[in-house]
Amino acid sequence: MVLELIKNVTLLITLCWLHGMLMRGLEARPLLGKLAAGALFGAVCIGGMLMPMVLEDGLIFDGRTVVLSMAAFFGGPLVGLVAGAMAGAYRGWLGGVGVVPGLLNVLMPVLLGLLFAYLHQRRRVPFNVFSLLVFALLLQVVQVLNLLLLPAEHFATFIQHALLPLVAVLVPSTLLLGLLLRDTERQRQAREALRQSEAQLRAITEAVPDLSLVLDEDGRYLKVKSPDSRLLYAGEQGLLGRRLHDVLPLSQADLFMQFITRTLASDDAQSLEYGMQTALGHRTFEARARRLDTLIEGKRAVVLMARDITERVALELDKRIASIAFESQQGMLITDAKTRILKVNRAFTQITGYSAEDVVGQPTRMLGSGRQGPEFYQELWQTLAREGVWQGEIWNRRKNGEVFPEWLAISAVRDEQGRVTNYVASLTDISERKSAEQQIQHLAFYDPLTGLPNRRLLRDRLQQAMIQCDRKGQYAALIFLDLDDFKNVNDLYGHQVGDELLCQVAERLRNNLRELDTVARLGGDEFVILLEGLEPFAEEAGAQVEHIGSGLLLALREPYEVYGQRFHNSASLGVVLFNDELQTVDELMQRADLSMYSSKAAGKNALSFYDPQMQAAVSMRLKLEEDIRRGLDAGEFVAFLQPQANWQGVWSGAEALVRWQHPERGLLGPGAFIEIAERSGLIEQLDLATLRQGCQLLARWAVRAQMSHLSLAVNISARLLYKEDFVELIQQILQDTQANPRHLKLEITETLLLTDKDKAVQRMQALRAMGIRFSIDDFGTGYSSMAYLQQLPLDQLKIDQSFVRDLPENPGSLAIVRAILAMAVGLGLEVIAEGVETPEQQACLRDNGCQHFQGYLFGKPLAVEAFEAAVLPAVDLL
Ligand code: C2E
Ligand code: MG
Ligand code: MG
């Protein structure tokens, strides 16, 4: 009976072991594998139950507990379930007295196997011979306990005949099957691990961009794998099985053989850098090789990985070249995209004085000198952004604070997306070159002795001046100047003294001229002066030059002090005026030179104009100016009075009109001198003198009954209104004369009031506050707008005589007169008409609303006595 059981169990174990072998085929499909395993274990159990140890009819013993428990332990719930279901179904179908314990003996081993597996996985129970033994015993104890469900007599039979063989066979069988299955399981796990590591290895070799080769000790290609077959000397397939010497040139094959030998001899990986001709051209590789631990086909072998480092090598070379170039003679500077300095070279340090530590990390701004404005930098960055490069001259500051010029070239470095990543700048210190340039420029354009411009520069400026005055409509003057008797100084005292004297002359000329004028030295004692921006009218320009020229003559006439010696050297000047480009530079120079000789001929220390008419006109003006000055001092200017009448023709006052009682030329009207007085600035003095006379008259009239009502109009040049102290001057006169300001009227010509009126208005207001009234003379001849007039503090408009003259016939004049009258009403101003000569004119004006008149109809300008005589009855005069 025991033998039967042993046979049964042996069969089961053999089948189980076979099953393990079969299951290998299903390892790739786990679910199917489990179902198949479960079915196989179930079938094994059924096989066991077909040839059991039969104790009685319906009471059979076999190895199912062993198989099912181990199936559940190794296979898990699914395998246990399938196997248990099959075994249980078969046992149920067999039936008999032992069917219930028989079924329990299907269920319990599965559960116990699963419990054992669970505890083992949780590391609560180890899996070894001892634990397996305890499990096997436990399994049999449970089986025996199950058998308690048998009727007592059957159980007793079991105890008597089957218990011992059952325990004796099934416990070691469980042990044996467990160990067998563990071995199978371990093999499976090992296979799985191998499969995984192979898969990983494959993935790794495919992922690395390197060439991988396996070569044996004879240099035979055993395995070839390349990311790009063009990197191989010959195609991948063409290499396998061939030897290095069959494929590569001899020298190359030798090199590799040496490398293989070296690698085989070493326990560590070996490396080699080599170049090779490939389908992609000549490439550089870096190889690393390691000896294989096993023999392949009886030969030692190495694994070799080779990486294409052509780009890296080229890059390194570039870098090396760049770093050599970077340390060149030029200062170099590299910044990031935000112009923060990353690197500078030695030349940079030499030029700027800043070491790398000083500047790295700093913005390039720190080098700026502040000489260039923001527009300069804006332009620079715009060019850089647009063209990628900028170069030009720039002023930077050295570490010691010195500002210096440098030639700077900046290039923007962009990445593949076109974004700027860096700026590279090279700078050259050009301060020396610049100062040399300046020196050359100075030598070329300036006289080395006096530092004045030379002939070349003068000609240049003269050319410019001609263009300028043509454009601006102004005059300019070219003055030739020659020192009188300079030759004597040179001959008697030597060149050194002569040179020093010339320097002093140059100095005096410079000091007596404006910044914009040019003083040049042509050589010897010849100087040339270019005056620009003169008056637009020839005569005035001439007078201006005359003024400046006499100033120069005066300054040059002063004695010179040279090395303790005193020298008296006057100069002769020759002037040519021009206001266009009609003459050439040479012509102008010749003319000025020529007129300079006229000065010499006229006895030196003189100024001559090239144009004899100009000479005459200028001399006359100057003489007249001088004469006016003298006349003013001598009190030759007197006020004549022209009556002003009201609408009834009754005299209400007078206008003071200046006359010059000239000792030689007789009585002169304003036309002979006002304009020159105005231009020379003498008008101020003249007007104030007339004003004083007028105020004296007012004061005198104030005490005479028939005259106290009379007002007096005095003409003043608008120049006076622009005089800083005009108000104080008038106050002074009023105070001195004690005249009543309410009877004083100041006449200003409309055309003269157009510039800078704000200050003038302020002064007018101040005077009006004192009671003085203002009248606009010659009204209608200027261009005053209503708005302009409104801003002036006025009392009266004086219609110009040119409109009155043609009344009443000329409709144009009549229209203007009417308009002026209407406007005056609107502005609340009084209107007086001047130049009224006929009763028709007066009637016409009166009909149109004019109430005040002045003109020959009422009286001509009269000497004061004549005027007063006409006003006062004869009795009063006495
Ligand atoms: P004005 O102020 O418009 O003076 C009127 C001018 O017209 C005077 O000429 C006067 O003699 C002349 N006149 C007056 N009634 C008649 C007339 O019915 N028919 C004609 N044909 N002419 C008449 P005058 O005296 O030669 O003065 C000329 C200008 O000189 C004045 O024009 C005034 O602008 C200026 N003037 C006169 N005295 C002074 C003065 O003391 N200072 C200033 N700055 N200018 C003065
Ligand atoms: Mg007047
Ligand atoms: Mg007038």
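Residues numbered from 1 in each chain as written. Chains lettered and ligands numbered in written order. Predicted model: local features only at pLDDT ≥ 70, side-chain atom pairs only at ≥ 80, totals over all residues. Heavy atoms only, no water.

Participant: Tell me what's going on with the coordination of the magnesium ion (ligand 3), and back it up with residues and numbers.
Facilitator: The coordination sphere of the magnesium ion (ligand 3) contains the protein donors Asp777 (OD), Asp778 (OD), Glu834 (OE) and Glu834 (OE), at a distance range of 2.1 to 2.6 Å. Binding-site remark: the magnesium ion (ligand 3) is held by donors from one chain whose sequence spacing is D-D-x55-E. Separating the magnesium ion (ligand 3) from the magnesium ion (ligand 2) is a gap of 4.3 Å, bridged by Asp777, which donates to each. One end of the pair, Asp777, is in strand 25 (residues 773-779); the other, Glu834, is in the loop between strand 27 (830-833) and helix 30 (839-847), and 57 residues separate them in sequence. (Donors = N, O, S within 2.8 Å, 3.2 Å for Na, K, Ca; no water. Helix = DSSP H or I, 4+ residues; strand = E, 2+ residues; numbered from the N terminus.)

Participant: Hey, could you go over the pairing of strand 14 (residues 518-523) for me, with residue numbers and the actual values?
Facilitator: Across the 6 residues of strand 14, 5 count as buried, placing the element largely inside the fold. Inspection of the sheet shows strand 14 paired to strand 15 (residues 526-534) by 5 bridges, in the antiparallel sense. Bridging from a neighbouring strand, Gly523 pairs with Glu526 of strand 15. (Buried < 20%, exposed > 50% of the residue type's maximum accessible area, 1.4 Å probe, protein only. Pairing = 2+ DSSP bridges.)

Participant: Account for the sheet that holds strand 9 (residues 341-344), naming residues and giving values.
Facilitator: Ordered in space as 9-8-12-11-10, the 5 strands form an open sheet in which the pairing is antiparallel. Bordering the open sheet on either side are strand 9 and strand 10 (389-397), each of which pairs with just one other strand. Going across the sheet, the axis of each strand differs from the next one's by a mean of 25°, ignoring polarity. Direction of pairing for strand 10 relative to strand 11 (residues 403-414): antiparallel, over a ladder of 9 bridges. Across the sheet, residue Val389 finds its bridge partner in strand 11, namely Ser411. (Axes fitted to C-alpha atoms, helices over the stretch in contact; angles between N-to-C directions.)

Participant: How would you explain the UniProt feature "domain: GGDEF" (unreviewed entry) in the protein if you had to name every residue and give the values?
Facilitator: UniProt annotation of "domain: GGDEF" (unreviewed entry) refers to residues 474-612 when read in the numbering used here. Segment residues 474-612 splits into 45% helix and 29% strand. End C-alpha atoms: 21 Å apart. (UniProt positions renumbered as here; feature names shortened; annotations may be inferred.)

Participant: Before we move on, can you summarise a nonpolar patch on the surface with the specific residues and values?
Facilitator: On the surface, Leu11, Leu50 and Met51 cluster together into a nonpolar patch covering about 270 Å² of accessible area. Assignment of secondary structure puts Leu50 in helix 2 (residues 30-50). (Patch = residues over 30% accessible without salt bridge, like charges linked within 9 Å, V, L, I, M, F, W, Y side chains within 5 Å. Areas by Shrake-Rupley, 256 points an atom, 1.4 Å probe, with all protein chains shown as cover. Salt bridge = Lys/Arg side-chain N within 4 Å of Asp/Glu carboxyl O.)

Participant: Help me get a handle on the pattern of salt bridges, residues and values and all.
Facilitator: Evaluated as defined, the whole model comprises 41 salt bridges. Between Arg459 and Asp586 there is a salt bridge, with its nearest N and O atoms 2.7 Å apart. Of this pair, Arg459 sits in helix 16 (residues 455-472) while Asp586 is found in helix 20 (residues 585-601), placing the two residues 127 residues apart along the sequence. On the basis of relative accessibility, which here comes to 30%, the residue Arg459 falls in the partly exposed class. Accessibility expressed as a relative area gives 38% for Asp586, which makes it partly exposed. For Lys798, the salt bridge is made with Glu655, and the minimal N-O distance between the two is 2.6 Å. Taken together, the residues Lys798 in strand 26 (residues 796-799) and Glu655 in strand 21 (residues 651-662) connect sequence positions 143 residues apart. Considered together, Lys798 and Glu655 belong to a single accessibility category, that of buried residues. Each of Glu655, Glu747, Lys798 and Glu834 takes part in a single network of salt bridges with overlapping partners.

Participant: Outline the nonpolar core, listing residues and values.
Facilitator: Core analysis: the largest hydrophobic core is formed by 61 residues, its most contacted members being Leu641, Trp701, Leu746, Leu794 and Leu845. No other element matches helix 23 (residues 683-702), which puts 6 residues into this core. If near-sequence neighbours (up to four positions away) are discounted, Leu845 is found in contact with Val804, Leu807, Val817, Leu821, Ala833, Val836, Cys850 and Phe853. Formed by 46 residues, the second largest nonpolar core is a distinct cluster that contains Leu55, Met70, Leu112 and Leu139. (Core = buried A, V, L, I, M, F, W, Y, C linked by side-chain atoms within 4.5 Å. Contact = heavy atoms within 4.5 Å.)

Participant: So what's going on with the site of ligand 1? Residues and values would help.
Facilitator: Surveying the vicinity of ligand 1 reveals 23 residues, the closest of which are Gln642, Asp687, Asp777, Gln801 and Glu837. The side chain of Asn715 places a nitrogen or oxygen atom 3.0 Å from an oxygen atom of ligand 1. Asp778 places a polar side-chain atom, nitrogen or oxygen, 3.2 Å from an oxygen atom of ligand 1. Elements with a minimum of two residues in the shell around ligand 1: strand 21, helix 23 and strand 25. When its residues are assigned to classes, the shell around ligand 1 shows 8 nonpolar, 7 polar and 8 charged. (Near = heavy atom within 4 Å. Polar contact = N/O pair within 3.5 Å; in protein donor to acceptor, adjacent residues only side chain to side chain. Nonpolar A, V, L, I, M, F, W, Y, C, P; charged D, E, K, R; others polar.)

Participant: Can you lay out the coordination of the magnesium ion (ligand 2) for me, pointing to particular residues and giving the numbers?
Facilitator: For the magnesium ion (ligand 2), the protein coordination sphere consists of Glu655 (OE), Asn715 (OD1), Glu747 (OE) and Asp777 (OD), at 2.0 to 2.3 Å. All donors of the magnesium ion (ligand 2) come from a single chain, and their spacing in sequence reads E-x59-N-x31-E-x29-D.

Participant: An account of the packing of aromatic side chains is needed here, citing residue identities and associated values.
Facilitator: Scanning the model with the defined rule gives 21 aromatic pairs in all. An angle of 80° between the planes, with centres 4.9 Å apart, marks the rings of Phe73 and Phe74 as edge-to-face. What makes Phe73 buried here is its relative accessible area of 9%. Accessibility expressed as a relative area gives 22% for Phe74, which makes it partly exposed. An aromatic cluster of at least three residues, connected via ring pairs, comprises Phe73, Phe74, Phe116, Phe127 and Phe135. Directly above the aromatic system of Phe404 lies the positively charged group of Arg398, at a separation of 4.1 Å from the ring centroid. The residue whose ring lies beneath Arg508 is Tyr560, and the NZ or CZ to ring-centre distance is 3.7 Å. (Phe/Tyr/Trp six-rings, centres within 6.5 Å; stacked < 30°, edge-to-face > 60°. Lys NZ or Arg CZ within 6 Å of the ring centre and 35° of its normal.)

Participant: Which residues make up the side chain of Asp484, and what values do they have?
Facilitator: By secondary structure assignment, the location of Asp484 is in the loop between strand 13 (475-483) and helix 17 (486-493). When its relative accessible area of 0% is taken as the criterion, Asp484 is described as buried. Among the polar contacts listed, one links the side chain of Asp484 to the side chain of Ser572, at a separation of 2.7 Å. There is a polar contact of 2.8 Å between the side chain of Asp484 and the side chain of Lys600.

Participant: Describe the packing of helix 5 (residues 99-121) against helix 6 (residues 129-146), with residues and values.
Facilitator: Helix packing geometry: the angle between the two helix axes and the distance between the axes. It is at 9 Å that the axes of helix 5 and helix 6 come closest, and there the two elements cross at 155°. Put simply, helix 5 runs roughly antiparallel to helix 6. By crossing handedness, the relation of helix 5 to helix 6 is classed as right-handed. Along the contact surface, helix 5 presents Pro101, Leu104, Asn105, Met108, Pro109, Leu112, Gly113 and Phe116, while helix 6 presents Ser131, Leu132, Phe135, Leu138, Leu139, Val142, Gln143 and Asn146. In terms of residue class, the contact of helix 5 with helix 6 is built from 11 nonpolar, 5 polar and no charged. (Parallel < 35°, antiparallel > 145°, perpendicular 65-115°, else oblique. Left-handed = near helix turned anticlockwise from the far one by under 90°.)

Participant: Got a sec to walk through helix 6? Specific residues and values, please.
Facilitator: Relative to the 26 Å expected for 18 residues at 1.5 Å per residue, helix 6 spans 25 Å between its end C-alpha atoms, a close match to the ideal helical length. When helix 6 is considered as a whole, its buried residues turn out to be Ser131, Leu132, Phe135, Ala136, Leu139, Gln140, Val142, Gln143, Val144 and Asn146. Where helix 6 is buried, its residues contact helix 3 (64-75), helix 5 and helix 7 (152-207). (Expected span 1.5 Å × (residues − 1).)

Participant: How would you explain the sheet that holds strand 15 if you had to name every residue and give the values?
Facilitator: Ordered in space as 14-15-13-18-19, the 5 strands form an open sheet in which the pairing is mixed. Edge positions in the open sheet fall to strand 14 and strand 19 (607-609), since each of these has one partner strand only. With direction set aside, neighbouring strand axes in the sheet form an average angle of 20°. Bridging between strand 18 (residues 571-578) and strand 19 involves 3 bridges; their strand directions are parallel. Paired with Val575 across the bridge in strand 19 is Phe609. Of the strands in this sheet, strand 13, strand 14, strand 15 and strand 18 touch helix 16, which is tilted by about 140° from strand 14. Helix 19 (residues 538-557) rests against strand 13, strand 15, strand 18 and strand 19 of the sheet, and its axis sits at about 160° to strand 18.

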